[in-house]
Every structure is written in structure tokens, then in C-alpha cells.
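Coordinate inspection notes
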Amino acid sequence: MDAAGFQSRIDSYTKCKDHKTVLNEFLNEVKGLSDEQRRLILPKLDFSEMFRTLVKWNNPIYAEPFYELVSLVFENCEAGRIVSENEELLLQFLTHVTPKFQVLLFSLLCRAISEGNVACFSQVPNLMYELVRSISAEDADSDSPVINLLEKIILMPQGAEIVFKSDIGNSLAEIMCEIPEIRFQILELASSAASGSKEGLEMVKNCQILEELETGLQGAMAHVDQVGFATTVDCYTKIGSAEWGYEELLASGILSKLEARVVEYGPGTMEDKVMPSIYMFFGAIFKHFPERALKDCPKVVPTVMNLIKISIDRAYVTRTEIEMIGMVAAKPAGKRYLATLMPTSDSVLDHLKKFVQSGSASDKVCSLETTMDLIVLKEEDQTDEMLRLTKSWFESIWISVEKLFQFCKEPFPGVNRTSIPVFVSETVQCRITGLKLLLTLTKLAWGRNEVCLLPSLLSWLVEQESCNDVHFFVNGVADAQVMQLKSDVARVILADKSIPQNVRRTLTINPKVQNDAKKMRCSSGEI
């Protein structure tokens, strides 16, 4: 049957006597088509009258064949077109007695987003409004399809306008007040929109959602609801990652309020629960806007560095303080600022050294990752000043590249062997992070030179990892990651044309490294 024949059957459906039998017959005919035939025929058909009739009846006896037919049509037609042309039908799906129709609806809407057709949502304002109004307290404790959908829309170009520049945004603000359980999910949506564009920030402000966000910092429950406070700070972290968001936080006084919270903090108090979020907030803005943020919030870094000196029995808080210092060092401006506060004998560097020598697995990983932040430099930023600074910081923590090599080479790097599962996870985490630090090191001229002076390290880079019994819990995956990182280190060294020939010969023993090296020489025009 061709498209005209199918359309004739569709048009006559409402006039037939046995709707259920005819529906099943029609469904079987559609199923009988090949995949290619369905892709060619179904998009040409107009099902609107037939579907309106069936969904209006909302009768369980038709539900299964109707669902199967709709699924086939949706699968073979452009999702965005279906959404924009069938608002009334989709509204009925939202309240259909058979829950599978709601699942089908959200699947269709998500597929429209994956097609890049966010504009179709602006053509179905009633559907969008009803979707938002369907949010309930249960969405706070589950994987809410509505919240997930709105988040995906917001992340698309002009998506924030669809969600917040309309009655939908005002409805979200109302729901946030009506259903306290859903408050933070909506605030996270708003912070995503505000960080996505300057226009998105203005729309969120117009809905007065930012005012509600601020009550999380200074409202009546701010000092009682520690989890709520931390979640509020996380939202500000997202907003502050954009330049316009940073300007808003500065103008509204949020930066000064959070800076005061850092200065007033006393270790050992209930504040321990919220300080990590505040540290990550400042770490993020120092990383994005080091010159401005360090000037606008001058007390944060010196205060945190002093707190690190007195860190006792608060390991998690101390780790986030140290991580924040690493984030400050993400750009050369931050490194220069830290250099004025942090000599080679500074307590921060001492803590990083102690973490590696005698800390827990989490301490070791924190030290390794922060050391990476302290020494990482883009190629264009590798001035003599920056190279000297990064070298001095690295040697204050690790003494030499050889010490780092010994750490990475151990099958169980500095792990307390209390139990096999813990032992394996710690080994994987520490060893892989150590290799990432070694990779970062070889991207610096001085680090690369020192690596080339260690023949045992060079030979180790091209050795295959043996997947022995102590690694059976990770099924060889950890060993594969280690080999990949070792190969990455070798490739970075081989990309340097000035390395001695004996080093190049050692590193090209491994066929994989040799092949990668050949590709690099081809791309650079050497061969």
C-alpha cells in the first residue's frame, strides 16, 4: 500500500464501526512495512484527526495499539515538527490514563532537543506551561523528567529565553515558593540560565529568582540549614563562572558577604559543613578571573593559607582549602600572586609534601592534583619567570622528578593495605593521578629535561604493564589507563625535536609509541 492508500484509511477511521479492530489492522499493516518504507511513507501522512479521536477517548482498550502506532510514527518523523504541529495532542498525552504516553512524550521532546530544534518549544507555550505546572514535591526525590527536560532546553542556544522569558519563568518562581522541596532544583535551573548568557541572567532576575537565591545566604534559616546554604553557594559558583555573572555577584554584594564568611570562620564549628562549598566558589572565580577576583576579594587567599597552618582533625576541609589554592594558580596571574604569599618553605607546600608522604589516599590525590595546578603552564606562558617558579614549587614538594617516578612506578604507591577493595581503588587513583602529574611535568622544558636524564624512567615508559592478580578487581582497566598515560608522556617527549637521539631510540621501542611518533613527524613535515 502506498502513502495515498494509508491516508485514505486514516481519513475514514472516525467513520468506521469497529474502531478497535480497524486500529489493530491498520497497526499491523504499518508494522508490515520495512524500515525503509516506514521512513518514506509515515512522514507524508496526516494522522491528526485519527490521533485526536483516539486520545480524546482516553480509553484503556485502545491504549496499547494506539501507543504502538504513535511510537512508530514518532520514530520515523522529525521530532521537532511533531512537537510544533501537535500541541493539543501532546497535552492529552501528559494526562493520559496510560503512563507509557508520558514516557513517550518526554522521549519525543528530548529527541527534538537532540535534533537541535529548540525553537519548536516556543511554538507550544501551553504544553510548556502545563509541563511546569505538573512539577510536584515527588520530583525532588526522583529523576524528574520535567526538570531534566528544562535543563536540556536551557543549555541550548536561546533555550533560557523559552524557559524564563514567559509565564513559564514566573510559574517556576511560584512553584519554588509553593513547594519548598523543589526549591533547589529550580534554583539550579536558574543558575544554569544565568551563566549561559547575559540575557539569561536578566530573565532570571526579572522572575525574581535571584532574590530567592540570596535568602539562602542571609535568610532566617541561613545559619541553620547548612546543606541549603552550601547548595546556594554551588548555584552562585555556576553563575560566577561567566563574566556577566561575576559582575552581578560583585554589584549585589554576594562576593563581599562570602568573603566575610571566610574571614569569620572558626575551625571546628558547624561551619565545617559549608566552608568547602565557599572555598570551591572562590577557587572557581579566582581561576576564571584571577586579576579582578584577587583584587575584589583580597582577604580570602591569605585567610585560607593561615587556616591551613592550623588544620587539625578536619582533613576534608583542609583538602578543599588546598584545592582552592591550586585553582588560584590555574593562570600565570594567580601564580604570581601566590608567589608573593608562598615562599618555598610555606605551610601549603609543607602540607602537600606531608600528604604525599603519610596521608590517606584522598590526601595523596589532593596533593598530586594541586601540584599539577601549581606547575601547569600553556606553552605561550612558559616564560623564564614562570618556569623558575614552577620548578621551585615542584621541588619543595617532591624534591626531584626521580622521587615522583619512584611513586608512579610502585604497584601500590604509598597505600595502607587494610583491605583488598580499598587497596585496589587507592592504588588506581594514586598511580593514575601521579602519572597525570608526570605528564604535566613533561610539558614544561625543565621537567622534560630532567625526565630525559633518567634512563630508568625512559625504559619504564615503554614497558608493558602486567595485569597481575592484585589488579583483578579493576579487570585490567587500570593497567590500560596506566599504559595510555605512559605513552602520552613518551609522545610529549618525542614531540620535542631537541631531545637526544639516545632518548628517542629508547622511547620508540614500544610499537605503539613508535607509530604515534611517526604520525607526529608526518604532521610536522619531518617525513
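Heads up: the structure comes first, above all this text.
First things first, this report covers the structure right here in the doc. Worth saying up front: this structure is predicted, and the values here are computed from it rather than measured.

Turning our attention to the overall build of the protein chain. When helices and strands are counted, the protein chain shows 33 helices and zero strands. Among the 527 residues that make up the protein chain, the fraction classed as buried is 52%. Of the roughly 24300 Å² of accessible surface on the protein chain, 52% is carried by carbon and sulfur atoms.

For the structure on display, the rule yields 23 salt bridges. In this structure, R133 engages E174 in a salt bridge whose closest nitrogen and oxygen atoms are separated by 3.5 Å. Of the two residues, R133 sits in helix α9 (residues 125-133) while E174 sits in helix α12 (residues 167-178), which places them 41 residues apart along the sequence. On the basis of relative accessible area, E174 is assigned to the partly exposed category, the value being 41%. One salt bridge connects K205 with E202, and the closest N-O pair in it is separated by 4.0 Å. On the criterion of helical spacing, the pair formed by K205 and E202 is a turn pair, its members being three residues apart in helix α14 (residues 198-206). Judged by its relative accessible area of 31%, K205 falls in the partly exposed class. A relative accessible area of 36% places E202 in the partly exposed class. What you see here is one network of salt bridges that share partners, running through R133, E174 and E178.

Here helix α22 (residues 315-328) spans 20 Å end to end across 14 residues, near enough to the 20 Å set by a 1.5 Å rise per residue. When you tally the buried positions in α22, you get 11 out of 14 residues, the bulk of the element. Looking only at α22, the buried set comprises V317, T318, R319, T320, E321, I322, M324, I325, G326, M327 and V328. Turning to α22, the residues buried within the fold contact α19 (275-288), α20 (290-296), α21 (300-309), α23 (332-341), α24 (347-358) and α25 (361-375).

Of note, T370 is situated in helix α25. Classification of T370 as buried rests on a relative accessible area of 1%. Of note is the side chain of T370, whose polar atom sits 2.8 Å from the backbone oxygen of C366.

Moving on, we come to the packing of aromatic side chains. Applying the stated rule across the entire model yields 15 aromatic pairs. Arranged with centres 5.3 Å apart and planes meeting at 35 degrees, the rings of F66 and F101 form a pair that is tilted. Linking F66 in helix α5 (residues 60-75) with F101 in helix α8 (residues 100-114), this pair joins segments that are 35 residues apart in sequence. On the basis of relative accessibility, which here comes to 1%, the residue F66 falls in the buried class. Put simply, the rings of F6, F26, F47, F51, F66, Y67, F74, F93 and F101 pair up and form one aromatic cluster. Residue placement shows R261 over the ring face of F229; its charged tip is 4.0 Å from the ring centre. Taking the ring centre of W460 as reference, the NZ or CZ of K486 above it sits at 4.4 Å.

Rules of the game
- Residues numbered from 1 in each chain as written.
- Predicted model: local features only at pLDDT ≥ 70, side-chain atom pairs only at ≥ 80, totals over all residues.
- Heavy atoms only, no water.
- Helix = DSSP H or I, 4+ residues; strand = E, 2+ residues; numbered from the N terminus.
- Buried < 20%, exposed > 50% of the residue type's maximum accessible area, 1.4 Å probe, protein only.
- Areas by Shrake-Rupley, 256 points an atom, 1.4 Å probe, with all protein chains shown as cover.
- Salt bridge = Lys/Arg side-chain N within 4 Å of Asp/Glu carboxyl O.
- Expected span 1.5 Å × (residues − 1).
- Contact = heavy atoms within 4.5 Å.
- Polar contact = N/O pair within 3.5 Å; in protein donor to acceptor, adjacent residues only side chain to side chain.
- Phe/Tyr/Trp six-rings, centres within 6.5 Å; stacked < 30°, edge-to-face > 60°.
- Lys NZ or Arg CZ within 6 Å of the ring centre and 35° of its normal.

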